[in-house]
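These are the residues of each chain, in order.
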Amino acid sequence: MDRSWISNPDRLSAEYENGVREFVTFVRGSLDVQGLTKCPCNRCMNREVHHIDSVRYHLLIYGFLKDYIHWTEHGEQSNPQVPLGSPIQDTPLCMNEQDEEMGKALRDAAGHVYDIGSSSDLFSDMRPPAEQARYDKLFEELHNPLYDDCMKFSALTFIVKLMNVKVLYKWSDRSFVALLKLLHEALPVGNRCPRTYYETRKLLCDVGLGYEHIDVCKHDCTLFYNEHKDDDVCPICGVSCYIRKKIPHKRLRYFPITPRLKCLYSSKHTARAMRWHKEQRLEEDGKLRHPADGEAWKKFDSLYPEFAGDPRSVRMGLASDGFNPFSHMSTSYSMWPVILIPYNLPPWLTMHRSNYLLSLLIPGPKSPGKDFDVFLRPLIEELKVLWDGVQSFDSYQHASFTLRASVIWTVSDFPAFAYLSGWSTQGKLACPICLEDTQYKSIRSKISYIGHRSFLEMSHSWMYGPERCMGTYKGYVRNTSKPDGTIAEAYVVDEALTFFSRYIRDMDTRFDRPKRNWDQPISGGDHQIHIFKDIVRLIGAHKIEILEDQREMLHWYILNNCVDATVQEYLT
């Protein structure tokens, strides 16, 4: 049976169409009751299930897997006789195990299309042409070897791994560019190694989920968005939107959260963890180990039982604060990111920087102040849609479902609380909880607040995670004249690299490096009490000393946290 049509690059040719028709006819005998089967196109690669009409459409659009000559995944028992001179055997393929993992990452990033219906229904669910063109280019890079006859690396896999090393070991941009030039000269002529850092970032930007530009009024009156998208003048203050020649006074960067939440479920590495709060969390009265153990979470569940009924419904916290993107503090500049934190994940993943979703980047140079709500508009509108639900794919259960999400609280310092809530944090009634009982003291013409940490431990830090994120964003700045633009571009690249890093198996990534606070058990040793059988990996210079002022506290901890019989006798 001649199947040389599989490698025909012209998918509009009669030979290729007849070959697809032959495959569809063959597969119809092995369909399930719903008419579903695995799709062997270059995007699905026999790992996704679609209706047979959808499979035919995919094969015509994305092409047939070149190495899938024997149709064993579709019920073929014996190997067909492929002519020795067919293009299939003469075409080198670069699809090893690591490239297959990159293919899985691309499909998860692109999202799953779970169509059940006739082919006439497919066109309404496809991506916009520009977005589809981006992913087609990436799949092309995945199937192209780094250079002719290279069987170890595709162009995409090589770039992802190289960028992973750069980020992991904090190479400077200049050193990375020098390495790219050296590699390009060392590899055979015609290689696909990028020559500049810009080319590398541009390719990874195509993987990222992108962001939107929204012009802002000079006085923060309104966003030129939706019904005001085509306006040139602010409908409130009448000031022109532009400084000159379509250059806006301000520009808000908006990162839609719906596709980012979908990626958490479409990736096999995070889909199951998104159900941890319901299916794996240990519930114990009186213990607060996760936000789901708190009263606010339980109250929310009781108010909205339909939302709470599906463990995949996403509960998020919203955090925001201002920061100066420049390394020198003499410049007065305040930029405000709005970060969403999904709490479905276990605590050690919830607080990981890779799971902090940047949704808005509010430009400076001044803080938005009382106009903060103006900038929140696109996020609020998207949250309304997510409350009703959007269709998504769960790679853990291999089924589509309705994804719902909600913000259940905000995390901020006191000044940011005023912007987010509208409550004035100045004056005698600054505290929204204490009200008339606010502890304050007049000092000349100003009011100072005393006892403001009455209900917190001295070591408590509620903004630790978001503040570390802002430090990361500050490190993104390369062009000081456009800090918000450089942060947005760098964030999208880092987001794409983070997503790909989950699929890298044969080298260190940010997900499998030893933790800084890493405990490991002692093999052997003379210690009989289990609390002393763990050691801490020491980092940097250290010394051992007795903490005289904390000796009694340490003794109390040991006596009350050891179950060994040798210790219990001291408690009686």
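In case you missed it, the structure is sitting above this.
Values in this document were obtained by computation on a predicted structure and should not be read as measured data. (Residues numbered from 1 in each chain as written. Predicted model: local features only at pLDDT ≥ 70, side-chain atom pairs only at ≥ 80, totals over all residues. Heavy atoms only, no water.)

**Q** Please clarify how the nonpolar core should be interpreted in this entry.
**A** Within soluble globular proteins, side chains that are nonpolar tend to cluster in buried spots. The biggest cluster of nonpolar side chains holds 62 residues, and the ones touching the most others in it are Leu106, Leu156, Val160, Phe255, Tyr473, Ile487 and Phe500. Broken down by element, this core gets its largest block of residues, 10 residues, from helix α18 (residues 483–501). Ignoring sequence-local partners within four residues, the contact set of phenylalanine 255 consists of Gly210, Tyr211, Arg260, Leu358, Ser359, Leu360, Leu361, Ala488, Tyr491 and Val492. (Core = buried A, V, L, I, M, F, W, Y, C linked by side-chain atoms within 4.5 Å. Buried < 20%, exposed > 50% of the residue type's maximum accessible area, 1.4 Å probe, protein only. Helix = DSSP H or I, 4+ residues; strand = E, 2+ residues; numbered from the N terminus. Contact = heavy atoms within 4.5 Å.)

**Q** Just checking my understanding: could you explain helix α2 (residues 52–62) for this structure?
**A** Side chains that are three or four residues apart share a direction in an α-helix, a result of its 3.6 residues per turn. Three or more residues of α2 are buried, namely Ile52, Ser54, Val55, Tyr57, His58, Leu59 and Tyr62. Phi turns positive, to about 90 degrees, at glycine 63, one or two residues after α2.

**Q** Help me understand the sheet that holds strand β4 (residues 223–224) in this model?
**A** Sheet strands pair via backbone hydrogen bonds, and the direction of the pair is either parallel or antiparallel. Spatial ordering of the open sheet is given by β4-β3-β7-β10-β9-β8-β13, a layout of 7 strands whose pairing is mixed. Each edge of the open sheet carries a strand with a single partner, namely β4 and β13 (405–411). Each of β3 (212–216), β4, β7 (250–254), β8 (314–320), β9 (336–342), β10 (357–362) and β13 touches helix α15 (residues 377–388); the most contacted strand, β13, lies at about 135 degrees to it. Sheet strands in contact with α18 are β7 and β10, and its direction is about 165 degrees off that of β10. (Pairing = 2+ DSSP bridges. Axes fitted to C-alpha atoms, helices over the stretch in contact; angles between N-to-C directions.)

**Q** Looking at this structure, how should I read the pattern of salt bridges?
**A** When the charged atoms of two side chains lie near each other, side chains of opposite charge can form a pair. Within this structure, the stated rule accounts for 23 salt bridges. In this structure, the salt-bridge partner of aspartate 232 is lysine 246, at a minimum N-O distance of 3.6 Å. Placement of aspartate 232 in the loop between β4 and β5 (242–244) and of lysine 246 in the loop between β5 and β6 (247–248) is noted, with a sequence separation of 14 residues between them. As a salt-bridge pair, aspartate 301 and arginine 315 come within 2.8 Å of each other at their nearest N and O atoms. Note that aspartate 301 is positioned in helix α11 (residues 295–303) and arginine 315 in strand β8, a separation of 14 residues in sequence. Taking the relative accessible area as the measure of exposure, arginine 315 reaches 1% and is therefore buried. (Salt bridge = Lys/Arg side-chain N within 4 Å of Asp/Glu carboxyl O.)

**Q** What is the right way to look at the pairing of strand β12 (residues 399–403) in this model?
**A** Consecutive side chains of a regular strand alternate in pointing toward one face of the sheet and then the other. Here strand β11 (residues 390–394) runs beside β12; their pairing, made up of 5 bridges, is antiparallel. Residue glutamine 391 lies in a different strand from β12, and its bridge partner there is threonine 402. Joining the antiparallel neighbours β11 and β12 is a turn of 4 residues, in which histidine 398 adopts a positive phi near 55 degrees.

**Q** Just checking my understanding: could you explain the packing of aromatic side chains for this structure?
**A** To describe a pair of aromatic rings, one takes the distance between the centres and the angle between the planes. Summed over all chains, the structure comprises 28 aromatic pairs. Plain terms: the ring middles of phenylalanine 255 and tyrosine 491 are 5.3 Å apart, the flat faces sit at 80 degrees to each other, and that makes the pair edge-to-face. Residue phenylalanine 255 is found in the loop between β7 and α9 (258–266), and its partner tyrosine 491 is found in helix α18; the two are separated by 236 residues along the sequence. The class of phenylalanine 255 is buried, set by a relative accessible area of 0%. Judged by centre distance (5.1 Å) and plane angle (85 degrees), the ring pair of tyrosine 304 and tryptophan 387 falls under edge-to-face. Taken together, the positions of tyrosine 304 in the loop between α11 and α12 (305–309) and tryptophan 387 in helix α15 put the pair 83 residues apart, joining distant regions of the chain. By the ring-pair criterion, three or more aromatic residues cluster together here, those being Trp5, Tyr16, Phe23, Phe26, Phe64, Tyr68 and Trp71. (Phe/Tyr/Trp six-rings, centres within 6.5 Å; stacked < 30°, edge-to-face > 60°.)

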